[in-house]
Amino acid sequence: MSSRKVDLRSDTVTLPTDEMLEAIRHAELGDDVYGEDPTVNKLEEMAAKRFGKEAALLVTSGTQANLVSLMCNAQRGETVILEAESHIYWYELGGVSAIAGLLPWPVTSQRGALNPRDVENAVKPLDLHFSRPTLVCVENTHNRHSGTVITPEEVKAVKKVAEKHGLRLYMDGARIFNAAVALGVDVKSFGDCVDNLMFCLSKGLCCPVGSVLVGSSAFIQKARRARKLLGGGMRQAGIIAAAGIVALEKMVDRLKEDHENAKLLAAGLAKLNGVKVDPETVQSNIVCFRVDGVGARNEEEFMKELKARGVLVSSFGGGKLRMVTHYGIAKEDVEYAVAAVESAVQKTFGKNV
Ligand SMILES: *Cc1c(COP(=O)(O)O)cnc(C)c1O
């Protein structure tokens, strides 16, 4: 067993920085259900402004943000058009149907960016038989597509179709700051082309908890009720918001280091015999790779070999493995991880490669 630990499972494993802990310690607090927590109010104002929207709402998680948004953008029985590999469709326990009561209409795409023509084709006419489409969701960066970055132009093209058919457009922007940093654009350019969106504080931005929804005042007012309905009304939530404020001020620009490390990781893996990674898809902090001979049946075994070397990774299933770079990962960790993959490949599958 290795004493070194390189945890590449997710950027959610990041710990709050000392500055965050300090900010939490000194946060001015109040009861946020009464709207009286000044630190929460400050974070929400900052977030709204940052995205060029009227208002914002701090929620407990990205999943809750998505659920609240689904509930507030559409009525039960209506259709939501979403990307087939999206987080909402895969990883949120079917809340889109089970709680929001919507019919998810998955549309496949090349690299996570919905093709406007495919969206248009998915829009059902107003016919007695059809569930009414009211909402389109986009995801940015796109997790299951290896953290691909969707450009504002690509989102605008979808928005055009949505508008033409009177549909709303929502963005699951869990890692939207990664997208903005990767493209070198202001996050406002994403705020401008969707009706509302959410981002996570708890991923690459290092906060312990929290996501934020941004949108119009009317939407956020409605969202506040939905959040309460889901049990997400929090009291002295300023202890969460305090870390969020530090995140927005200090943790955004440094995401480029994570992207550099991801590129380094991808390049290192690509050089190994029997390892496949498409460097084209490595556009932010997520690296997906495959190992010859590793599939659905034995990926657990391979991941165990990596774990024995102190390297933790996650799986998308079927032998598609994922590594995520973050604040806790330095360049040396990347080099260590590449060496660990090489050694695990040789040990487990040496005879094949
Ligand atoms: C992580 C993630 C979420 C959900 O966030 P949680 O805080 O884990 O509930 C939603 N969408 C995407 C794309 C994510 O990566």
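Because the structure is predicted, anything quoted here is derived from the model rather than measured.

Turning our attention to the pairing of strand β3 (residues 79-83). Most of β3 sits inside the fold, with five of its five residues counted as buried. Alternating positions in β3 separate into two faces, Thr 79, Ile 81 and Glu 83 on one and Val 80 and Leu 82 on the other, with burial throughout. The pairing of β3 with strand β4 (residues 103-107) spans five bridges and is parallel. What sits directly across from Ile 81, in β4, is Trp 105. Note that β3 and strand β5 (residues 133-139) share four bridges and pair parallel. Within β5, the position partnered with Thr 79 by the bridge is Pro 133.

With that settled, consider the domain arrangement of the protein chain. Where the parts come together, the accessible area they lose is often given as the size of the interface. Domain annotation for the protein chain reports domain 1 (18-251) and domain 2 (254-349). For domain 1 versus domain 2, the distance between C-alpha centres works out to 29 Å. Taken together, the contacts link 20 residues of domain 1 with 15 residues of domain 2. Here domain 1 packs against domain 2, burying approximately 1500 Å² in sum over the two surfaces, 53% of which is carbon and sulfur. When residues of domain 1 are sorted by the area they lose upon contact with domain 2, Ser 146, Asn 178 and Met 251 head the list and together hold 35% of the total. The tally of links from domain 1 across to domain 2 stands at zero salt bridges. Of all elements in the fold, only α8 (176-183) and α11 (238-251) reach the threshold of two or more residues within the side of domain 1 that touches domain 2. Counting residues per element, the side of domain 1 that touches domain 2 draws most heavily on α8, at four residues.

Our focus in this paragraph is the nonpolar core. Grouped together as the largest cluster of nonpolar side chains are 54 residues, with contacts concentrated most on Leu 58, Val 136, Phe 177, Phe 199, Leu 201 and Val 212. Top contributing element to this core by residue count: α11, with eight residues. If we ignore the near neighbours within four places in the chain, the residues touching Val 136 are Ile 81, Leu 114, Val 119, Val 158, Ala 162, Leu 167, Arg 168, Leu 169 and Tyr 170. Counting 29 residues, the second largest nonpolar core, distinct from the first, contains Leu 269, Val 275, Met 323 and Val 341.

Here we take up the site of the ligand. In the vicinity of the ligand, 13 residues are found, and the nearest of them are Gly 62, Thr 63, Asp 172, Arg 175 and Lys 203. Within the side chain of Thr 63, a nitrogen or oxygen atom sits 2.6 Å from an oxygen atom of the ligand. Interatomic distance of 2.7 Å between a side-chain N/O atom of Lys 203 and an oxygen atom of the ligand. Against a free-state accessible area of 380 Å², the protein chains account for coverage of 85% of the ligand. Residue assignment for the shell around the ligand shows that the elements contributing at least two residues are α3 (62-73) and β7 (196-200). For the shell around the ligand, the leading source of residues is α3, giving three residues. Of the residues assigned to the shell around the ligand, the class counts are three nonpolar, five polar and five charged.

Here is what the cut-offs are and how they apply
Residues numbered from 1 in each chain as written. Predicted model: local features only at pLDDT ≥ 70, side-chain atom pairs only at ≥ 80, totals over all residues. Heavy atoms only, no water. Buried < 20%, exposed > 50% of the residue type's maximum accessible area, 1.4 Å probe, protein only. Helix = DSSP H or I, 4+ residues; strand = E, 2+ residues; numbered from the N terminus. Pairing = 2+ DSSP bridges. Domains from an automatic or database assignment. Contact = heavy atoms within 4.5 Å. Buried area = accessible area lost by both parts, 1.4 Å probe. Salt bridge = Lys/Arg side-chain N within 4 Å of Asp/Glu carboxyl O. Core = buried A, V, L, I, M, F, W, Y, C linked by side-chain atoms within 4.5 Å. Near = heavy atom within 4 Å. Polar contact = N/O pair within 3.5 Å; in protein donor to acceptor, adjacent residues only side chain to side chain. Areas by Shrake-Rupley, 256 points an atom, 1.4 Å probe, with all protein chains shown as cover. Nonpolar A, V, L, I, M, F, W, Y, C, P; charged D, E, K, R; others polar.

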